[in-house]
Each structure stands twice: as C-alpha cells, then as structure tokens.
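Architecture and fold: a report
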Amino acid sequence: MEKLMRRWRCQICGFVYDELRGLPEEGIPAGTLWSEIPEHWTCPDCGADKASFDMQPIR
C-alpha cells in the first residue's frame, strides 16, 4: 500500500514540513509521516509544538 504524503504548516511562523522530503538535517528521513514524528518535536524555526501545525493540501 502506497503512503499518501502531506505537508504540515506551522501556524506561528509558516515553516512547512513535507513528509515526502522529511528533515534529514533534523534526523527525520524522507518519507516520514507526521504521525511518526515524536510528540516532543518542535518547529525548527520558531520552537512551536506539533499542535501548532495544520495539514496543507498538495497542489
């Protein structure tokens, strides 16, 4: 079964986490789903928690 990849945007600063790309510089490999990121993870730009992100449609 193929994974549906999404993007998540920080409502505070606008940083975008793209599941397809991951964040290798943060130790999160490409293809990591949002649900697989630890709950203690914070936005690398502003420090907001995961609850501050919302899913963005891919166009």
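If you check an unreviewed UniProt entry, the chain appears there as Rubredoxin from Motilimonas cestriensis. What UniProt records for the chain under Sequence similarities (unreviewed entry) is the sentence "Belongs to the rubredoxin family."

**Thoughts on the pairing of strand E1 (residues 7-10)**
Where a strand is regular, its side chains alternate between the two sheet faces. Here E1 shows one buried face, formed by Trp-8 and Cys-10, and one open face, formed by Arg-7 and Arg-9. Sheet topology places E1 next to strand E2 (residues 16-18); three bridges connect them, and they run antiparallel. In the sheet register, Trp-8 faces E2, and the bridge partner there is Tyr-17. Bridging between E1 and strand E3 (residues 53-56) involves four bridges; their strand directions are antiparallel. Across the sheet, Trp-8 pairs through a bridge with Met-55, a residue of E3.

**Notes on the environment of Val-16**
One can find Val-16 in strand E2. Taking relative accessible area as the criterion, Val-16 reaches 40% and is therefore assigned partly exposed. In this structure, Val-16 is in contact with Arg-7, Trp-8 and Arg-9, ignoring residues within four places of it in sequence.

**Details of the nonpolar core**
Burial of nonpolar side chains together is a common tendency in soluble globular proteins. Core analysis: the biggest nonpolar cluster contains twelve residues, these being Trp-8, Cys-10, Phe-15, Tyr-17, Leu-23, Ile-28, Trp-34, Ile-37, Trp-41, Cys-43, Ala-48 and Phe-53. With residues near it in sequence (within four places) discarded, Leu-23 still touches Phe-15, Tyr-17, Ile-28, Trp-41 and Pro-44.

**Here's the deal with the environment of Asp-45**
Of note, Asp-45 is situated in the loop between E2 and E3. Between the C-alpha atoms of Asp-45 and Phe-15, which are 30 residues apart in sequence, the distance is 6.8 Å. Residues contacting Asp-45, with those up to four places away along its chain left out, are Cys-13 and Phe-15.

**Side note on the pattern of salt bridges**
Using the criterion set out here, one finds four salt bridges in the structure. Residues Asp-18 and Arg-21 are paired through a salt bridge, measuring 3.8 Å at the closest nitrogen-oxygen approach. Looking at Asp-18, the relative accessible area reads 9%, which means it is buried. Note on Arg-21: relative accessible area 61%, which makes it exposed. Overlapping salt bridges, with partners in common, bring together Arg-7, Asp-18 and Arg-21 in one network.

Here is what the cut-offs are and how they apply
Residues numbered from 1 in each chain as written. Predicted model: local features only at pLDDT ≥ 70, side-chain atom pairs only at ≥ 80, totals over all residues. Heavy atoms only, no water. UniProt positions renumbered as here; feature names shortened; annotations may be inferred. Buried < 20%, exposed > 50% of the residue type's maximum accessible area, 1.4 Å probe, protein only. Helix = DSSP H or I, 4+ residues; strand = E, 2+ residues; numbered from the N terminus. Pairing = 2+ DSSP bridges. Contact = heavy atoms within 4.5 Å. Core = buried A, V, L, I, M, F, W, Y, C linked by side-chain atoms within 4.5 Å. Salt bridge = Lys/Arg side-chain N within 4 Å of Asp/Glu carboxyl O.

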